Amino acid sequence: MEIAKKILICGAGIAGPTCAYWLHRYGYSVVIAERAKTLRDGGQNVDIKGAGQEVIRKMGLAEKIEARNTQEQGQKYFDAAGELVATFPKGAFGGLTADFEILRGDFAQILYEATRDICDYRFSTFVTGLTETADGVSVTFNDGTAEDFELVICAEGLNSVTRAMILGDKTELRYFGAYMAFFNIPRCPEDDNWAWTVNGIGGTFITLRPGTESHTTVLMTFLREKPDIAADDNAARKTVLLRALEGRGTIADRISAALGSVDDFYFGPMSQVHASTWSKGRFVMIGDAAHSPTPFTGEGTALALVGAYVLAGEIKGRADHRAAFEAYESLVRPYAEASQRKMNPTLIRLMHVKSGFGVAVTRLIQRFFANSSVQKMLKPSDATRAKRRRKDFHLSDYA
Ligand SMILES: Cc1cc2nc3c(=O)[nH]c(=O)nc-3n(C[C@H](O)[C@H](O)[C@H](O)COP(=O)(O)OP(=O)(O)OC[C@H]3O[C@@H](n4cnc5c(N)ncnc54)[C@H](O)[C@@H]3O)c2cc1C
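If you're wondering where the values come from, they're calculated on a predicted model, not measured in any experiment.

Cut-off values and rules
- Residues numbered from 1 in each chain as written.
- Predicted model: local features only at pLDDT ≥ 70, side-chain atom pairs only at ≥ 80, totals over all residues.
- Heavy atoms only, no water.
- Helix = DSSP H or I, 4+ residues; strand = E, 2+ residues; numbered from the N terminus.
- Buried < 20%, exposed > 50% of the residue type's maximum accessible area, 1.4 Å probe, protein only.
- Contact = heavy atoms within 4.5 Å.
- Areas by Shrake-Rupley, 256 points an atom, 1.4 Å probe, with all protein chains shown as cover.
- Lys, Arg positive; Asp, Glu negative; His and termini not counted.
- Charge placed at Lys NZ, Arg CZ, Asp CG, Glu CD.
- Pairing = 2+ DSSP bridges.
- Axes fitted to C-alpha atoms, helices over the stretch in contact; angles between N-to-C directions.
- Domains from an automatic or database assignment.
- Buried area = accessible area lost by both parts, 1.4 Å probe.
- Polar contact = N/O pair within 3.5 Å; in protein donor to acceptor, adjacent residues only side chain to side chain.
- Phe/Tyr/Trp six-rings, centres within 6.5 Å; stacked < 30°, edge-to-face > 60°.
- Near = heavy atom within 4 Å.
- Nonpolar A, V, L, I, M, F, W, Y, C, P; charged D, E, K, R; others polar.
- Parallel < 35°, antiparallel > 145°, perpendicular 65-115°, else oblique.
- Left-handed = near helix turned anticlockwise from the far one by under 90°.

This brings us to the overall build of the protein chain. Scanning the protein chain from N- to C-terminus turns up 14 helices and 18 strands. Based on the C-alpha atoms only, the size of the protein chain along its principal axes is roughly 65 × 50 × 40 Å. The proportion of buried residues among the 399 residues of the protein chain is 53%. The long-range fraction of contacts in the protein chain, counting pairs at least 24 apart against all pairs at least 6 apart in sequence, stands at 72%. When the accessible surface of the protein chain is summed, it comes to about 17,900 Å², and 52% of that surface belongs to carbon and sulfur atoms. Separation between the mean location of the 48 positive side-chain charges and that of the 47 negative ones in the protein chain comes to 6 Å.

As structure tokens, then:
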């Protein structure tokens, strides 16, 4: 069987379709195996920062993404009773809302549409076994079929199972002491185009953000000593979420009431992925599977785009996959590790205050930073922003 230039990508999130797009441009034929039954379109806004924006531009997708900008105007902090504490308009120092905001699901959909006619997408499909042969990899799938590929790229996200099979002994999941859940709830008439954040409510952190005409997106994180909640058990997840929301005020009550109808959760321990190597033989990892920085950095999506672009470019230029994987890792690893260093368990604990004193201090800090004179002093100038952009990752022009 002809396997040269035939590549399997596992995972149709952000990294997988991006890499598929570039590999197709370079003459490879790509199969994408996605475990879910359909494209997963859940999630809140994701920022596409720095070099990630450049990848999007190179793919010719910037206009499509701009057209789906959520138009979020900024972030408001509320207390448990639903009273406004502080307001951070778009672009404010310390605020959440960036220039380039898109719902993760819309972004995944745009990438899917850009690749569905040029790749072989297989939903409800995942790898059950991999055996390396002299010139390729023999892969078995959950439906019992087997197929050979030249290379296998793992883009399965934070809790990748195929990574555990191949590089489990080289990968450490560093648990940050909290769980995270992203999901959608029905939109209410009072929802506006602002992100609403409630923290300082017994260790639970909630942000609601504008979604579509019919839904609002939820990010919920809560402290938990151990990562001990059963994976893939939606009933167990809902029970834990209801407990974390109980007695946490009006916005929390609204989420509890809507939870019954939620079925697509992005849910799991908030962990960073630290892998001592990103490849083994003909198997290589990209995106969160290789280097998840946690969602609070807001950089996981840009990292996924950059890594996918660089890996495809390095594969294109080389006959030897080992040299390609080494070049890819040596370029992207410092960028990914710099992002990971921005978040740590202490910061996570500080964001999930529990005591009355901690709550009072948090409110003071929020009001202080929201003050317009403080904002004037701290808001980066256009020159500083341009300097930061120049210091971001430099993308080679592989095409
Ligand atoms: C539904 C969902 C909602 C999200 N919401 C947010 C958000 O609101 N904010 C945020 O910062 N980040 C969110 N993320 C994570 C964010 O997308 C990633 O951090 C980042 O974009 C890197 O993307 P990725 O492609 O590496 O991983 P992901 O976007 O996580 O994509 C991984 C894909 O692989 C699939 N998969 C998993 N295991 C297998 C397997 N064994 N075989 C085949 N396929 C598999 C998953 O179903 C998923 O489609 C979300 C992810 C998902 C899946």
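Strands sit in the order 7-2-1-11-18-17 across an open sheet of six strands; the sheet is mixed. Either end of the sheet is taken by a strand with one partner, and the two such strands are strand 7 (120–122) and strand 17 (279–280). Those strands touched by helix 10 (residues 321–340) are strand 11 (151–154), strand 17 and strand 18 (283–285), and its axis lies near 15° from that of strand 18.

Take the domain arrangement of the protein chain next. Interface extent is often summarised as the accessible area lost during association of the parts. Assigned domains of the protein chain: these are domain 1 (6–70 + 102–173 + 272–342) and domain 2 (175–269 + 345–387). Distance from the C-alpha centre of domain 1 to the C-alpha centre of domain 2: 27 Å. Taken together, the contact between domain 1 and domain 2 spans 17 residues of the former and 27 residues of the latter. At the boundary of domain 1 with domain 2, total buried surface from both sides reaches about 1,700 Å², with 54% on carbon and sulfur atoms.

A few words on the side chain of S160. Summarising the element assignment, S160 is placed in the loop between strand 11 and helix 5 (161–167). Given a relative accessible area of 4%, S160 falls into the buried group. Not counting the four nearest positions on each side in its chain, S160 is found in contact with C154 and A289.

Turning to its location among the elements, E132 is positioned in strand 8 (residues 127–132). According to the relative accessible area criterion, E132 is partly exposed, its value standing at 44%. Other than its neighbours up to four places away in sequence, E132 contacts V137, K280, G281 and R282. Of note is the side chain of E132, whose polar atom sits 3.2 Å from the backbone nitrogen of R282.

With that settled, the discussion passes to the packing of aromatic side chains. With the rule as written, the count across this model stands at 21 aromatic pairs. A centroid spacing of 5.9 Å and a plane angle of 10° characterise the contact between Y121 and F123, whose relative ring orientation is stacked. On the accessibility criterion, Y121 (13% relative accessible area) is buried. Judged by relative accessible area, F123 falls into the partly exposed class, the value being 22%. Judged by centre distance (5.0 Å) and plane angle (45°), the rings of Y335 and F393 are tilted.

The subject of this paragraph is the site of the ligand. Close to the ligand lie 27 residues, the nearest being I14, E34, Q44, R104 and D288. In this structure, an oxygen atom belonging to the ligand sits 2.8 Å away from a main-chain N or O atom of A15. In the environment of the ligand, an oxygen atom lies 3.4 Å from a nitrogen or oxygen atom belonging to the side chain of R40. Relative to its unbound accessible area of 920 Å², the ligand is 94% covered by the protein chains. By residue number, the principal contributor to the shell around the ligand is helix 9 (residues 300–316), which donates three residues. Of the residues in the shell around the ligand, the class split is 11 nonpolar, 10 polar and six charged.

Turning to the packing of helix 2 (residues 50–58) against helix 9, a few remarks are in order. Contact geometry of helix 2 with helix 9 gives a least axis separation of 8 Å together with a crossing angle of 55°. The orientation of helix 2 relative to helix 9 falls into the category oblique. For helix 2 against helix 9, the interelement crossing comes out left-handed. Contacts from A51, G52, V55, I56 and K58 in helix 2 reach A302, L305, V306 and Y309 in helix 9.

Read from one edge to the other, the open sheet built from seven strands follows the order 5-4-13-14-15-12-16, with strand pairing classed as mixed. In this open sheet, the two strands that pair with only one neighbour each are strand 5 (84–89) and strand 16 (266–275). Mean inter-strand twist for the sheet, computed between neighbouring axes without regard to direction, equals 20°. Inspection of the sheet shows strand 12 (residues 171–186) paired to strand 16 by nine bridges, in the antiparallel sense. The residue bridging E172 from the neighbouring strand is H274, located in strand 16. Sheet contacts for helix 12 (residues 356–370): strand 4 (74–78), strand 5 and strand 13 (195–201); angle to strand 5, the most-contacted strand, approximately 35°.

A regular strand places its side chains on the two faces of the sheet in alternate fashion. Judged by how many residues are buried, strand 15 (residues 215–223) sits mostly within the fold: eight of nine residues are covered. Bridge count between strand 12 and strand 15: nine bridges; the pairing is antiparallel. Residue pairing across strands places I185 opposite T216, the latter belonging to strand 15. Here strand 14 (residues 204–210) runs beside strand 15; their pairing, made up of seven bridges, is antiparallel. Along strand 15, the bridge assignment pairs F205 with T221. Between strand 14 and strand 15, which pair antiparallel one after the other, the connecting turn spans four residues.

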